[in-house]
Amino acid sequence: MGKKIETIGVLTSGGDAPGMNAAIRAVVRKALSQGLKVKGIYQGYKGLLNEEIVDLDARAVSDTISKGGTILYTARCSEFRTAEGQDRGAEVCRKHGIDGLVVIGGDGSFAGAQQLAARGINTIGVPGTIDLDISCTDYTIGFDTAVNTAMEAIDKVRDTSTSHERCSIIEVMGRNAGYIALWCGIANGAEDILLPERYDYDEQVLINNIIHNRKRGKKHHIIINAEGIGHSTSMARRIEAATGVETRATILGHLQRGGSPTCRDRVYASVMGAYAADLLVEGKSNRVVAYRDGQYTDLDIDQALSMQKDLPDYVVRVAKAMTI
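The structure displayed is predicted, hence computed values, not measured ones. (Residues numbered from 1 in each chain as written. Predicted model: local features only at pLDDT ≥ 70, side-chain atom pairs only at ≥ 80, totals over all residues. Heavy atoms only, no water.)

### Things to note about the side chain of R257
Structurally, the position occupied by R257 is in the loop between β9 (247-251) and α9 (263-281). For R257, a relative accessible area of 13% corresponds to the buried category. There is a polar contact of 2.9 Å between the side chain of R257 and the backbone oxygen of D16. Dropping the residues within four chain positions of it, R257 is found in contact with G15, D16, P18, I130 and M173. (Helix = DSSP H or I, 4+ residues; strand = E, 2+ residues; numbered from the N terminus. Buried < 20%, exposed > 50% of the residue type's maximum accessible area, 1.4 Å probe, protein only. Polar contact = N/O pair within 3.5 Å; in protein donor to acceptor, adjacent residues only side chain to side chain. Contact = heavy atoms within 4.5 Å.)

Below, the structure is given as structure tokens:
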């Protein structure tokens, strides 16, 4: 059991994700219900260093659960990767009476939280990233909304691809993680799915698939390409030259980050935010909230950051079988 917490701060860091506002709202209201004061920190760790800190009450988070993005804004901060920046962050927390902090973000954000915890600020991480690439949890805030946004967009591209009898390469986000690509590949019935964790960069396989499908009467071809592989436009040019099939690249980009969060993202984010506030009330620190095997739980940040994550092998095999 750690020190008694009276005032907690909350910030969002790294890439924004639909559902972050639901998590912020839950942190605020659960903390207020426990008699704590809450301060919001704008622009993530950058805002912490710049002391962009405001008081938050229940009204401040009203009507935010349905909004995409983050009402606290977000930024990446190279200064906070230094020991000097981390020392300064802890000093700012103490200056403003913040003795507990909820950090909503990804692995990089958790590394910052780990450093603040080491400097005496009770800190809890909440997984917020559309990439689903945090190893310690089966769910991350924003993934469900992002993958549904991508799925709907790909359905629309398929319509026009079919009309023009084209091959379409559709690039989805996910950095070096292929979860959005994998899910969309299955959900959209793609003919090929390129995953950073599995792709061998043999474009001849794609070319052969397109030619084979044309011979058996297939009029269009959808390739889902993960952001970590990229180069969709140049890939399209090479495939068109090799097959004679008109090929177009569509990069969905940041539209996957926006939009009103799904029910799942609102509910899971709310529970995770409330859980984080409860951990601080209990005097816990250096923890990450997670959803594992159907249960909400928490792990030590050190353990969470040391874990490795890969795509589920059986799901990858299912995706491959569905392309036949």
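### Observations regarding the pairing of strand β2 (residues 37-41)
Summarising burial for β2: four of the five residues are buried, a large majority. Relative to β2, strand β1 (residues 7-12) runs parallel, the two sharing four bridges. By the bridge assignment, I8 is partnered in β2 with V38. Crossover connection from β1 via helix α1 (residues 20-33) to parallel β2: handedness right-handed. Where β2 meets strand β3 (residues 53-56), four bridges bridge the pair, whose relative direction is antiparallel. Paired with K39 across the bridge in β3 is D55. (Pairing = 2+ DSSP bridges. Right-handed = clockwise from strand over helix to strand, strands pointing away.)

### Structural notes on the pairing of β1
Of all six residues making up β1, six are buried, and the element is well covered by its neighbours. Side chains T7, G9 and L11 project from β1 onto one buried face, and the interleaved I8, V10 and T12 project onto a second face that is buried too. The pairing of β1 with strand β4 (residues 100-105) spans five bridges and is parallel. What sits directly across from G9, in β4, is L101.

### Considerations on the sheet that holds β3
The seven strands lie next to each other as β3-β2-β1-β4-β5-β10-β11, forming an open sheet whose pairing is mixed. Looking at strand neighbours, the two that pair on one side only are β3 and β11 (295-300), the edges of this open sheet. Ignoring strand direction, the axes of neighbouring strands in this sheet form an average angle of 25°. (Axes fitted to C-alpha atoms, helices over the stretch in contact; angles between N-to-C directions.)

### Some remarks on the environment of L252
Mapping L252 onto the fold places it in the loop between β9 and α9. According to the relative accessible area criterion, L252 is buried, its value standing at 8%. For L252, the residues in contact, after removing those within four places along its chain, are A150, A153, I154, I170, E171 and V172.

### Observations concerning the packing of aromatic side chains
As enumerated under the stated definition, the model contains eight aromatic pairs in all. Aromatic side chains Y199 and Y201 sit 4.7 Å apart centroid to centroid with 50° between the ring planes, which places their arrangement in the tilted category. In this structure Y201 comes out as exposed when scored by relative accessible area, which is 54%. Pairwise contacts between aromatic rings join Y139, Y268, Y291 and Y296 into one cluster. A cation over a ring is seen here: K309 above Y179, with NZ or CZ 5.0 Å from the ring centre. (Phe/Tyr/Trp six-rings, centres within 6.5 Å; stacked < 30°, edge-to-face > 60°. Lys NZ or Arg CZ within 6 Å of the ring centre and 35° of its normal.)

### Here's the deal with the pattern of salt bridges
Throughout the structure, instances matching the rule amount to 18 salt bridges. Of the charged contacts in the structure, one is a salt bridge between D278 and K30, with a shortest N-O distance of 2.7 Å. A residue pair is termed long-range when its members are at least 10 positions apart, and D278 in helix α9 and K30 in helix α1 qualify at 248 residues. Given a relative accessible area of 23%, D278 falls into the partly exposed group. Linked by salt bridges that have partners in common, R166, E240, E246 and R248 make up one network. (Salt bridge = Lys/Arg side-chain N within 4 Å of Asp/Glu carboxyl O.)

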